[in-house]
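Single-letter residue listing:
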Amino acid sequence: SSPILATIGNVDQVVVATTAGLTGVDAKNGTLLWHNGDWNCRIPISSPLPIGDGRIFITGGYGAGAAMISIHKHGKSFHAETQFKTDKCQGQIQPPVLYKDHLYLNGNDKGKKIGFVCMDLDGNVKWNTGTSPGFDWGGTLLADDMLYVVDGNAGDLCMVHPKPDAYAEAGRAHFLEGGQIWSYISLSDGKLLVRDQLKLVCVDVGNP
């Protein structure tokens with residue numbers, strides 16, 4: 001899991017997901033500021049996601065599930081409390097996306113196929129796709145009010161409207177082959193980069 005930078009209580013912090021939970025350290029000097037051990041993942045891969053107002057969302061596979069951790073500053077000290085935990089998404093690899101007070105993420109774990117998930121910031125699942133479509137562990141990216149999601153089962157790049165009322169697929173196109181299509185998606189100047197284990201594909205998504 002890659003560390004992320006967040007400003008909480010006017011302090012720049014490096015937030016790290018470890019096998020022992022979620023930890024924040026002072027970005028200037030490395031001083032431990034807070035730790036929360038309620039969420040545990042034996043192999044954390046997805047990075048923490050700052051939500052705002054001192055909240056951090058984290059998800060993981062291997063049965064870890066997801067959690068929202070709320071960080072509060074009292075004087076010079078920080079306290080990290082668990083706002084919610086849920087096993088209704090198990091996002092093993094891909095980081096979640098925040099859009100208009102809702103989280104969108106690939107919620108699959110090795111042992112639990114939940115599909116693509118929409119969740120509100122209180123941990124309530126609005127919908128999930130299950131196995132139809134299943135998405136395996138394909139990447140997710142948000143750009144110009146559109147979600148780009150790789151369906152790792154089919155090798156397709158999907159365009160999905162980020163709507164909390166229902167899964168709304170705008171279209172899909174086949175670009176990739178083979179298994180283990182797990183890499184992150186990259187976007188630059190309207191060009192979307194996706195890859196499988198054999199090839200890298202550049203898709204022009206900038207021309208309406």
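Everything here concerns the structure above.
Here is what the cut-offs are and how they apply
- Residues numbered from 1 in each chain as written.
- Predicted model: local features only at pLDDT ≥ 70, side-chain atom pairs only at ≥ 80, totals over all residues.
- Heavy atoms only, no water.
- Helix = DSSP H or I, 4+ residues; strand = E, 2+ residues; numbered from the N terminus.
- Buried < 20%, exposed > 50% of the residue type's maximum accessible area, 1.4 Å probe, protein only.
- Disulfide = S-S within 2.5 Å.
- Pairing = 2+ DSSP bridges.
- Axes fitted to C-alpha atoms, helices over the stretch in contact; angles between N-to-C directions.
- Phe/Tyr/Trp six-rings, centres within 6.5 Å; stacked < 30°, edge-to-face > 60°.

1. Quick look at unusual backbone geometry
Along the chain, S132 connects to P133 via a cis peptide bond; the corresponding omega equals -10 degrees. As for its placement among the helices and strands, P133 is situated in the loop between strand 12 (125–128) and strand 13 (140–143). With a phi angle near 50 degrees, K100 is a residue other than glycine that sits in the positive phi range. Mapped onto the elements, K100 comes out in the loop between strand 9 (97–99) and strand 10 (102–106). Its relative accessible area of 64% is what places K100 among the exposed residues. Even without a glycine there, the phi angle at D145 is positive, about 60 degrees. For D145, the location among the structural elements is in the loop between strand 13 and strand 14 (146–151).

2. Brief notes about the state of the cysteines
A disulfide bridge is the covalent bond that connects two cysteines by way of their sulfur atoms. Considering all chains together, one arrives at zero disulfides under this definition. Distance from the sulfur of C41, which forms no disulfide, to the nearest cysteine sulfur (C89) is 12 Å. With relative accessibility at 2%, the residue C41 sits in the buried group.

3. Some details on the sheet that holds strand 2 (residues 11–18)
Read across the sheet, four strands follow the order 1-2-3-4 without closing on themselves; strand pairing throughout is antiparallel. Each having just a single partner strand, strand 1 (4–8) and strand 4 (32–36) make up the two edges of the open sheet. On average, adjacent strands in this sheet sit at an angle of 30 degrees to one another, irrespective of strand direction. Bridge analysis of strand 1 against strand 2 gives five bridges, and the strand direction is antiparallel. Looking at the pairing, T7 lines up with D12 of strand 2.

4. Side note on the packing of aromatic side chains
Tallied over the full model, the rule gives six aromatic pairs. Centre to centre, the rings of F116 and F135 are 5.6 Å apart; their planes meet at 50 degrees, and the pair counts as tilted. In this pair, F116 sits in strand 11 (residues 116–120) while F135 sits in the loop between strand 12 and strand 13, placing the two residues 19 residues apart along the sequence. Residue F116 is classed as buried on the basis of its relative accessible area of 0%. For F135, a relative accessible area of 0% translates into the label buried. Arranged with centres 5.6 Å apart and planes meeting at 70 degrees, the rings of W127 and Y167 form a pair that is edge-to-face. Separated by 40 residues along the polypeptide, W127 in strand 12 and Y167 in the loop between strand 15 (156–161) and strand 16 (168–174) bring together distant segments of the chain. On the basis of relative accessibility, which here comes to 8%, the residue W127 falls in the buried class. Each member of the aromatic cluster is reached from another via a ring pair, and the members are Y104, F116, W127, F135 and Y167.

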